[in-house]
Amino acid sequence: MLRVTVEGKERSVEDGKLIADLFEDRSVLAARLNGRLVDLSAPLEDGAEVEPVRFDTEEGRDLYWHSASHLMAQAVKQLFPEARVAIGPAVPEGFYYDFEVPKPFTEQDLARIEKRMKKLSQQRVRVEHRWLGREEALELFRSRGENYKVELIENLPDERISVYQQGDFVDLCRGPHVADTGRIKAIKLLSVAGAYWHGDEKNPMLSRIYGVAFPSQEQLDEHLARLEEAKRRDHRKLGVALDLFSFHEEAGAGLMFWHPKGAVLWRMIEQYWVKEHLAAGYQLIRTPQIARGHLWETSGHYAHYRENMYTLMVDEEEYVLKPMNCPGHMLIYKTRVHSYRDLPLRLTEWGTVHRYERSGTLHGAMRVRGFTQDDAHIFCTAEQVESVVREVVELSLKILRGFGFEEFRIDLSVRDPNHAEKYFGTDEQWQMAEGVLHKVLQDIGLPFHRAEGEAVFYGPKIDIKLVDALGREWQCPTCQFDFNLGERFNLRYTGEDGQHHGVFLVHRTVLGAIERFVGILTEHYGGAFPTWLAPVQARVMAVTDAQNDYARQVYDRLQQRNLRVEIDARSDKIGYKIAEAERMKVPWMLIVGAREAEAGTVSVRRHGRGDLGPQPVERAMESILEEVAVP
RNA sequence: GCCCAUGUAGCUCAGUCGGUAGAGCACUUCCUUGGUAAGGAAGUGGUCGCCGGUUCGACUCCGGCCGUGGGCUCCA
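Residues numbered from 1 in each chain as written. Chains lettered and ligands numbered in written order. Predicted model: local features only at pLDDT ≥ 70, side-chain atom pairs only at ≥ 80, totals over all residues. Heavy atoms only, no water.

Asks: For this particular structure, what's the right way to read the nonpolar core?
Replies: Proteins that are soluble and globular tend to have nonpolar side chains buried together. One finds V389, F403, I462, L511 and F517 to be the most contacted residues of the largest nonpolar core, which totals 64 residues. Considering every element that reaches this core, the biggest residue donor is helix 11 (residues 385-402), with nine residues. Apart from the residues within four sequence positions on either side, V389 is in contact with V436, L437, V440, I462, C479 and F481. Residues M72, V85, I113 and F169 belong to the second largest nonpolar core, which totals 38 residues. (Core = buried A, V, L, I, M, F, W, Y, C linked by side-chain atoms within 4.5 Å. Buried < 20%, exposed > 50% of the residue type's maximum accessible area, 1.4 Å probe, protein only. Helix = DSSP H or I, 4+ residues; strand = E, 2+ residues; numbered from the N terminus. Contact = heavy atoms within 4.5 Å.)

Structure (structure tokens):
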């Protein structure tokens, strides 16, 4: 008899029993055996501690999707025997598998593969784990023509190679996996895409299939509904539908045109942002769009960033369309001698920059070639660094909360201590800066992730990701030290001691790029912006033509209070006008018919909430005005 | 940049075998004057992304270019 602890409870089981024998429940996918993740087929030993692993945990989902990717590979090999399998891991939203095939898969192939997967699932094919010797494994995959697997094994240091077999399909894999294909229930293959072997464009292009799977159809349906919701909120669709912005083939890819309604968003965001920044001691500046090549030599961009820069010839000299605002800000700093009494100096600019991005990386408003950064550079002394960083992080969080974001994920990127030579700046500078960033995050009390080796070469940084209404993460604010630029431009200040000292330079943005931020806001709110941001805050609608004069009076009163208001005096039925206003997501709809005209009221309807009944015009207006103030 | 898909009216999309194009919505006009998510009729609107080729003839077939979309090592 073996004595084992299962979910904290002691049990005895017969010798030779497997973990699978402990759980009748088929929702158990694998187990933790003494803390190690193992297959259900793993043998029990005396004194073992066993915890079941189900789909409801991250590791459970990972192995479930990993098993689903194997199931897909099995189906693909049956339908396309000439396919070579490459790699097939789980990813945060499902799984994929890469194949080398004579011609790439099509959407039609996906339906066939999915069908075969379901068939294999119904057959409950056993998934068996085996250990092979290195040579044995190489021979196995060589004989099957799986040269990608052979390459992978050749790069493995181990003498024992782990493989999984399900029916006619065998794959190199560390595991663990579900015990049989019947565990993979509700399956959906989503898309096919090209992917390079090892992600390197010098390698052959493989055909990748993405999919997702769940233990129940309900969970799959829910997941697909979430994907649908994301599609409905797509800023590219809403941008057109709400008349916010456009892109034009004749103007060039990645260049955004702001329509009146989109420009209102820009203006309101800027207005709120400027208010907060002036209160925090920032000073607004402006710098030119182009500058001589010389400046970019000084800054180092010529040497390291050239392939992303647009250049133009002027009188036989090369000028650069600015890809960054930093060098311009350095020049302004250098126009006078600075005393420690002037610091910290906070220079900020909504600076429009242009960067050549590879065509394949462009994406709606989220990734463009011309965009405006809410940029700032803070020049300070060593003593001021901590308070400067603290105020940057606090200001960032405050502003994002003002836009309705409540949840954040914070990354602290520090240098790789084993490769100190890769970085610019002294050990003292790095230690001090990293220490300060760490301390500030601790003091603020929000959880953060310390990413070793993720710092850029010129300094450590804090990145803040905001979480939107659909739980997606967007990295916007960043706060980074720059030990490089200060030296390149030889930035100095005069200290209390009368000596020159190098400044500490902090580079930061809150929104990142305005184009992208408006895209994020649009998706976060699904286009239904809060009243203070809404391009149109209220629309007055007459029930019949007989109320058009009264509607005009109401409209005038709202406009006199600086509300962004429209009037709908067309000869259409009120239901039609409401449908359109709802579709345009106008937050306040004011309906006036004969009764309202008689009583001097308006019927108030809120977007998404419906009819709130009649109110005196003054009261309705006050309610709107309450929501109009920037946060 | 590369792979795949894709580009037809302002928007969403049909268009068979190669014989120069359709629908719904939007827009304009007329009828309708109505009470909380789409009343009716008529009309306007297209160099079928661009350039070239094959053909008697190209939205359709071929080539190049441009745009758009999904992707391009979160370790077998």
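Asks: Would you mind showing me how to read the domain arrangement of chain A here?
Replies: The extent of an interface is frequently quoted as the accessible surface area lost upon association of the parts. By the assigned domains, chain A splits into domain 1 (2-53), domain 2 (58-230), domain 3 (245-287 + 325-525) and domain 4 (538-628). Between domain 1 and domain 2 lies a buried interface of about 1,000 Å² when both sides are counted; carbon and sulfur atoms form 51% of it. Counting the surface domain 1 buries against domain 2, the share from its top three residues, R26, L29 and D39, is 62%. Viewed at the interface, domain 2 and domain 1 are joined by two salt bridges. Among the salt bridges present, the one from R32 reaches E59, with a minimum N-O distance of 2.6 Å. Counting every contact that joins domain 1 to domain 2 gives six residue pairs in polar contact (both at pLDDT 80 or more). Of all the elements in the fold, those that place two or more residues in the side of domain 1 that touches domain 2 are strand 3 (30-33) and strand 4 (36-38). Partitioning the side of domain 1 that touches domain 2 into residue classes produces seven nonpolar, no polar and three charged. (Domains from an automatic or database assignment. Buried area = accessible area lost by both parts, 1.4 Å probe. Salt bridge = Lys/Arg side-chain N within 4 Å of Asp/Glu carboxyl O. Polar contact = N/O pair within 3.5 Å; in protein donor to acceptor, adjacent residues only side chain to side chain. Nonpolar A, V, L, I, M, F, W, Y, C, P; charged D, E, K, R; others polar.)

Asks: Would you mind going over the sheet that holds strand 23 (residues 448-452) with me for this structure?
Replies: Working definition: the strands of a sheet are paired by backbone hydrogen bonds and lie parallel or antiparallel to each other. With mixed pairing, eight strands are arranged side by side in an open sheet as 16-20-21-28-25-24-22-23. Edge positions in the sheet fall to strand 16 (283-284) and strand 23, since each of these pairs with one other strand and no more. Note that strand 22 (residues 407-414) and strand 23 share five bridges and pair parallel. Residue pairing for strand 23: I410 is matched across the bridge by F448. Of the strands in this sheet, strand 20 (345-354), strand 21 (370-380) and strand 28 (504-513) are in contact with helix 10 (residues 326-333), which crosses strand 21 at around 35 degrees. (Pairing = 2+ DSSP bridges. Axes fitted to C-alpha atoms, helices over the stretch in contact; angles between N-to-C directions.)

Asks: Whenever I open this one, the packing of helix 15 (residues 548-560) against helix 18 (residues 617-628) confuses me. Can you help?
Replies: It is at 11 Å that the axes of helix 15 and helix 18 come closest, and there the two elements cross at 40 degrees. Our classification of the angle between helix 15 and helix 18 gives oblique. Considering only the axes of helix 15 and helix 18, their crossing is right-handed. On the side of helix 15, the interface is formed by Y550, V554, R557 and L558, while helix 18 contributes V617, E618, M621 and I624. (Parallel < 35°, antiparallel > 145°, perpendicular 65-115°, else oblique. Left-handed = near helix turned anticlockwise from the far one by under 90°.)

Asks: How should I be thinking about the sheet that holds strand 31 (residues 588-592) in this particular structure?
Replies: Read from one edge to the other, the open sheet built from five strands follows the order 30-29-31-32-33, with strand pairing classed as mixed. Each end of this open sheet is capped by a strand with a single partner; those strands are strand 30 (565-568) and strand 33 (610-616). Across the sheet, the mean angle from the axis of one strand to that of its neighbour is 25 degrees, orientation sign disregarded. In terms of strand pairing, strand 29 (residues 538-542) meets strand 30 through four bridges, oriented parallel. Looking across to strand 30, one finds that A538 is bridged to V565. Each of strand 29, strand 30, strand 31 and strand 32 (601-606) touches helix 15; the most contacted strand, strand 30, lies at about 175 degrees to it.

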